[in-house]
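Given next are the chains, with one letter for each unit.
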Amino acid sequence: MSKQKPFKLHSTFYIAGGNLLLIAGMVVSLYFYTQMYHDSIRKQNLDDIGNITESSATVASNFFTNEKTRLNDNIAYIEHCGFTYDQALEHLHYSKSNTKAIYEIIGANKKGKAASFDANGKYQSLSYTDSSYDSFSTIFNPSAADLAATGNLRGSLEFTDGYTALSSFAIYGYLPLSDGTSTATYTLMIVHESSEFSSFFSGGASYPSIKGTLINSNGDYLIGTANFKGENLFKYFYSFNGLSMAQRNADQEAFSSGKQNVYYYKDATGVDCVFVI
């Protein structure tokens, strides 16, 4: 009997040790399963956000293509008819199908008129001479190459429209107009309020917290929303995440070169967010 006691003691030890290993294995397995599950959910969420982004981009692309066609059709018709400046305004005022869009004809001096009546029943006078419109300088004074690129889609950065005083963006083209003795090139713009397109950049009922904006390759906002401060996405990252200028430039370069399209930063309220571009 005395010889059996060590055997029983060792058996108890082995059984206890085996149970501990089993429990440890279950804990480790549960940990890795949980991690894999969370990673799977996060990947699915990122995939869904990417799909929503692609869908929004498709809708936006179709909209811009339609507006470009509308703009080119008007330019071709006005040019064919040989309209004067005032006749072109009249045509644009009465022919537009989208009552929310505003047509504007701006000269090289950055001044012009909107094809919409003011309170006195006259076409609203406009001026883009303020320094806040410095990015428009090349729009109103196109080079020969700009004029020749008739197939390009031309769009402005977001701006505060002088007519509506709201955040807006414009699709534009160039229109030659004659005063009877000479011909000058004007910029014809279709101006839209940015708020019209908030539905383009939302996640709907499935992802109500998704907020979006439309940017160009430099990160400048083409159509902004209230959720994105400033005028550039990478400046937004820089301002609200304590980044160095070198890191901001690296992020922008990574996006522009196609190397990165997902960023993990805080938003303007300090909440951790995923930015899918």
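Residues numbered from 1 in each chain as written. Predicted model: local features only at pLDDT ≥ 70, side-chain atom pairs only at ≥ 80, totals over all residues. Heavy atoms only, no water.

A. Structural view of the packing of aromatic side chains. Taken as a whole, this structure holds 24 aromatic pairs when the rule is applied. Ring geometry for phenylalanine 63 versus phenylalanine 169: centroids 6.4 Å apart, planes at 70°, classification edge-to-face. Here phenylalanine 169 lies in strand β5 (residues 167-178) and phenylalanine 63 lies in helix α1 (residues 4-81), a separation of 106 residues in the sequence. The same class applies to phenylalanine 63 as to phenylalanine 169, namely buried. Through a chain of ring-to-ring contacts, three or more aromatic side chains come together here, namely Phe234, Tyr236, Phe237, Phe240, Phe255, Tyr263, Tyr265 and Phe275. (Phe/Tyr/Trp six-rings, centres within 6.5 Å; stacked < 30°, edge-to-face > 60°. Helix = DSSP H or I, 4+ residues; strand = E, 2+ residues; numbered from the N terminus. Buried < 20%, exposed > 50% of the residue type's maximum accessible area, 1.4 Å probe, protein only.)

B. Geometry of the environment of isoleucine 105. Tracing the chain through its elements places isoleucine 105 in strand β1 (residues 102-106). With relative accessibility at 0%, the residue isoleucine 105 sits in the buried group. In contact with isoleucine 105, not counting residues within four places along its chain, are Tyr85, Ala88, Leu89, Leu92, Lys111, Gly112, Lys113, Leu177, Tyr186, Thr187 and Leu188. (Contact = heavy atoms within 4.5 Å.)

C. Structural view of the environment of asparagine 109. Mapped onto the elements of the fold, asparagine 109 is located in the loop between β1 and β2 (111-117). Residue classification places asparagine 109 among the partly exposed residues on the basis of a relative accessible area of 49%. Expressed as a C-alpha distance, the spacing of asparagine 109 and serine 127, which sit 18 residues apart in the sequence, is 8.7 Å. For asparagine 109, the side chain forms a polar contact with the main-chain nitrogen of lysine 111, separated by 3.0 Å. (Polar contact = N/O pair within 3.5 Å; in protein donor to acceptor, adjacent residues only side chain to side chain.)

D. Quick look at helix α6 (residues 245-256). With 12 residues, α6 ought to run about 16 Å at 1.5 Å a step, and its terminal C-alpha atoms sit 16 Å apart, in line with that. If you check which residues of α6 are buried, you get Arg248, Asp251, Gln252, Ala254 and Phe255. The arc that holds every buried residue of α6, seen down its axis, measures 160°, which confines them to one face. Contacts made by the buried residues of α6 are with β9 (214-215), α5 (233-241) and β11 (262-266). (Expected span 1.5 Å × (residues − 1). Arc of directions from axis to C-beta.)

E. Quick peek at the pattern of salt bridges. The tally for this structure, following the rule as stated, stands at three salt bridges. One salt bridge connects glutamate 67 with arginine 70, and the closest N-O pair in it is separated by 2.9 Å. Of this pair, glutamate 67 and arginine 70 both sit in helix α1, three residues apart, which is roughly one turn of that helix. Close ionic contact of lysine 235 with glutamate 231 constitutes a salt bridge, the shortest N to O distance being 3.2 Å. Take lysine 235: its relative accessible area is 35%, and that puts it in the partly exposed class. (Salt bridge = Lys/Arg side-chain N within 4 Å of Asp/Glu carboxyl O.)

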